[in-house]
Amino acid sequence: MRFVDIIEKKKNKEELTKEEIKFAIESFTNEEIPDYQMSALLMAIVLNGMTDEETYHLTEVMLNSGDVLDLSGVEWVVVDKHSTGGIGDKTTLILGPILASLGCKVAKMSGRGLGITGGTADKLEAIEGYDIKMTIEEFIKQIKEKNIALAYSIGNLAPADKKIYALRDVTATVESIPLIASSIMSKKLASGADCLILDVKVGSGAFMKDIESARKLAKTMVKIGKHFNKKVRAILTNMDIPLGRNIGNLLEVQEVVQVLNNNGPEDLKKVTVTLASNLLNMAIGKSIEECEYLVNETLDNGRALEKFKELIESQNGKYNSIFRENQSKVEIVKATDEGYITKLVAENIGRSSMMLKAGRQTKEDKIDYEAGIILLKKINDYVKKGDELAYFYYNDDELLKEAEKVFLAGVEYSKDKVDEPTLIYEVIE
Ligand code: URA
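A quick note: this is a predicted structure, and the numbers were derived from the prediction, not measured.

Regarding its fold elements, the protein presents 16 helices and 13 strands. Against the 2.2 N^0.38 benchmark of 22 Å for 429 residues, the protein shows a C-alpha radius of gyration of 22 Å, consistent with a compact globule. Considered along the principal axes of its C-alpha atoms, the protein spans approximately 70 × 45 × 40 Å. Classification of the 429 residues of the protein by burial places 57% in the buried group. Long-range contacts, defined as pairs at least 24 residues apart, comprise 78% of the intrachain contacts of the protein with a sequence gap of at least 6. In the form shown here, the protein has an accessible surface area of approximately 18100 Å², with 47% of it arising from carbon and sulfur atoms. Averaging the locations of the 57 positively and 69 negatively charged side chains of the protein gives two centres separated by 1 Å.

As structure tokens, then:
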């Protein structure tokens with residue numbers, strides 16, 4: 001088989017066979033073919049797409065390129081969650097303990113943040129002592145004993161995806177539904193859960209900017225899941241505005257505790273409860289209404305919060321460190337106009353938070369766990385010029401003024417209120 005013939009075939013919009021896809025991915029992963037040939041194939045896929053069958057084959061080859069977790073020894077149903085990433089998205093840290101407190105086995109691997117979106121691994125590291133690195137054996141043992149493990153990159157999962165993603169990142173070939181869907185699902189399938197909820201974010205602060213493409217991505221991922229006999233459901237949720245009020249690692253963990261204490265912002269609670277109820281519904285088969293009742297009950301009676309504490313202690317974290325005094329300097333950002341707030345553009349807020357060093361611009365950047373933003377106002381709040389809009393927490397003021405400019409460029413005012421933003425767009429099964 002010659003790699004050039006595979007490129008030629010895809011260029012001519014022909015369907016690749018399983019053998020051809022396997023050959024292409026394996027020979028690239030084994031460094032038998034150069035980056036430029038793989039880049040050409042990826043570009044042909046971006047331009048000409050892939051059929052469902054091709055997408056399944058690609059997922060299968062990538063998923064089998066490294067470790068595949070065997071969680072069959074874990075009694076009871078194993079659940080997992082994936083978010084395509086957003087600003088202020090800390091739902092995993094609430095949903096995980098909720099499901100674990102209800103008896104599900106939560107096996108969650110989380111990544112670090114890059115660019116404007118945060119990563120759960122970074123948020124966990126804002127908790128003093130929390131060890132995000134575990135061996136496969138430790139991960140499985142903790143799931144069995146505590147019902148939940150939240151860790152970073154266990155074993156060597158889907159290395160082919162890692163290598164291909166690095167190339168896609170520098171060859172403008174990230175934006176392709178089959179490539180994104182197979183990339184995400186190969187890692188999730190290798191993680192071994194029975195049920196998976198996908199939070200596909202839509203809007204300015206998300207990877208998918210419009211409903212149409214988000215729906216396409218969600219449907220493709222759900223189909224892949226079904227093909228591999230997993231229960232998978234996707235929910236399209238709003239990421240035009242940040243979720244909750246806190247953006248930045250420690251600040252977000254503090255907001256997680258608020259929601260687990262049954263306080264906290266309503267939008268964050270609503271999205272989390274919807275995701276959690278749908279995941280529970282897949283896991284135990286009770287109706288969505290019953291599952292929603294159980295999810296709210298475990299928030300009300302404090303069992304989810306107890307599970308969160310137990311999780312942190314199991315991974316050597318100090319729960320009380322979440323409430324440490326934030327040593328950062330604080331800048332108060334003020335309204336530049338009067339009226340109802342009608343826009344708080346998530347992308348701008350994510351970028352300004354990154355400039356405060358709450359996020360990384362490049363993989364090598366160090367982040368400041370205590371930096372970030374607290375939003376004092378949200379959509380339809382009325383402000384006068386000079387009223388406080390947000391607190392910026394920072395230690396490095398190199399980009400402070402620029403961050404403020406970017407933030408304020410994302411705020412719009414009007415004399416009239418707007419319709420309350422839709423938080424949940426649709427559920428895709
Ligand atoms: N996240 C992934 O894991 N893969 C992609 O291709 C895009 C986003």
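Surveying the vicinity of the ligand reveals the residues Y165, R168, I180, S183, I184, K187 and F207. At 2.6 Å, a side-chain N or O of S183 approaches a nitrogen atom of the ligand. Burial of the ligand by the protein chains amounts to 83% of its free accessible area of 240 Å². Counting residues per element, the ones that place at least two in the shell around the ligand are α8 (159–169) and α9 (177–190). The dominant element in the shell around the ligand, judged by the number of residues it contributes, is α9, at four residues.

Turning to the domain arrangement of the protein, a few remarks are in order. What the domain assignment reports for the protein is domain 1 (1–40), domain 2 (78–321) and domain 3 (327–414). Just the C-alpha atoms count here: the centres of domain 1 and domain 3 sit 45 Å apart.

This part covers the state of the cysteines. Inspection of the entire model under this criterion finds zero disulfides. Looking at C195, it has no disulfide partner, and the nearest cysteine sulfur is the one in C104, 7.7 Å off. Cysteine C291 is unpaired, with the sulfur of C104 as its nearest cysteine sulfur at 8.8 Å. You can call C291 buried: its relative accessible area is 0%.

This part covers helix α15 (residues 346–355). The element α15 is largely enclosed, with a buried count of eight among its 10 residues. Within the span of α15, buried status applies to A346, N348, I349, G350, S352, S353, M354 and M355. Packing partners of the buried residues in α15 comprise β6 (246–247), β8 (339–344), β9 (372–375), β11 (388–394) and α16 (400–409). Directly beyond the C-terminal end of α15, a positive phi value near 80° is found at K357.

The subject of this paragraph is the sheet that holds strand β10 (residues 382–383). Pairing in this open sheet of three strands is antiparallel, and the strands run β10-β8-β12 from one edge to the other. Looking at which strands have only one partner, the edges of the open sheet turn out to be β10 and β12 (411–414). When β8 meets β12, the two strands line up antiparallel, connected through four bridges. By the bridge assignment for β12, L344 is matched with V411.

To continue, consider the packing of helix α3 (residues 35–48) against α8. At their nearest, the axes of α3 and α8 sit 10 Å apart, and the two run at 80° to each other. Considered as vectors, α3 and α8 are oriented roughly perpendicular to each other. Contacts from D35, M38, S39 and L42 in α3 reach I164, L167 and R168 in α8. When its residues are assigned to classes, the contact of α3 with α8 shows four nonpolar, one polar and two charged.

Let us look at unusual backbone geometry. When glycine is set aside, most residues are seen to have a negative phi, and most peptide bonds are trans. One non-glycine residue with positive phi stands out, namely E31, at about 60°. Topologically, E31 is positioned in the loop between α2 (18–29) and α3. Positive phi, normally seen in glycine, also occurs at W76, with a value near 75°. Within the secondary structure, W76 sits in the loop between α4 (52–63) and β1 (78–83).

Rules used throughout
- The residue numbering used here restarts from 1 in each chain and proceeds along that chain's sequence as written.
- With pLDDT at 70 or above as the cut-off, local features in this predicted model cover only qualifying residues; side-chain atom pairs require 80 or more to be listed or tallied, and sums for whole chains, interfaces and linings still use all residues.
- Hydrogens and waters are ignored; side-chain quantities use all the structure's heavy atoms.
- The numbering of helices and of strands both runs from the N terminus, where a helix is a DSSP run of H or I of at least 4 residues and a strand a run of E of at least 2.
- Throughout, radius of gyration means the C-alpha value; the globule benchmark is 2.2 Å times the number of residues raised to the power 0.38.
- Burial classes follow relative accessibility: with a 1.4 Å probe on protein chains only, a residue under 20% of its type's maximum area counts as buried, one over 50% as exposed, and anything between as partly exposed.
- Contacts were defined at the residue level, with two residues in contact if any of their heavy atoms lie within 4.5 Å.
- To be clear on the numbers: accessible area is Shrake-Rupley with a 1.4 Å probe, and residue cover counts the displayed protein chains and nothing else.
- For the purpose of counting charges, residues Lys and Arg are taken to be positive, whereas Asp and Glu are taken to be negative. His and the chain ends are not included.
- Every charge is mapped onto a representative atom, which is NZ of Lys, CZ of Arg, CG of Asp or CD of Glu.
- We call a residue near a molecule or strand when any one of its heavy atoms sits within 4 Å of it.
- Whenever a nitrogen or oxygen atom comes within 3.5 Å of another N or O atom, the pair is scored as a polar contact, on the condition that within protein one atom can donate a hydrogen and the other can accept it, and that pairs from neighbouring residues in sequence are kept only if both atoms are in side chains.
- An automatic or database domain assignment supplies the residue ranges for each domain.
- We call a pair of cysteine sulfur atoms a disulfide when they lie within 2.5 Å.
- In this scheme, strands are said to pair when DSSP sees at least two bridges between them.
- Only the stretch in contact is used when fitting a helix axis, every axis being a line fitted to C-alpha atoms; angles between N-to-C directions are given from 0 to 180 degrees.
- Angle categories: roughly parallel below 35 degrees, roughly antiparallel above 145, roughly perpendicular from 65 to 115, and oblique for all the rest.
- Three categories are distinguished: nonpolar for Ala, Val, Leu, Ile, Met, Phe, Trp, Tyr, Cys and Pro, charged for Asp, Glu, Lys and Arg, and polar for the others, with Gly belonging to the last.

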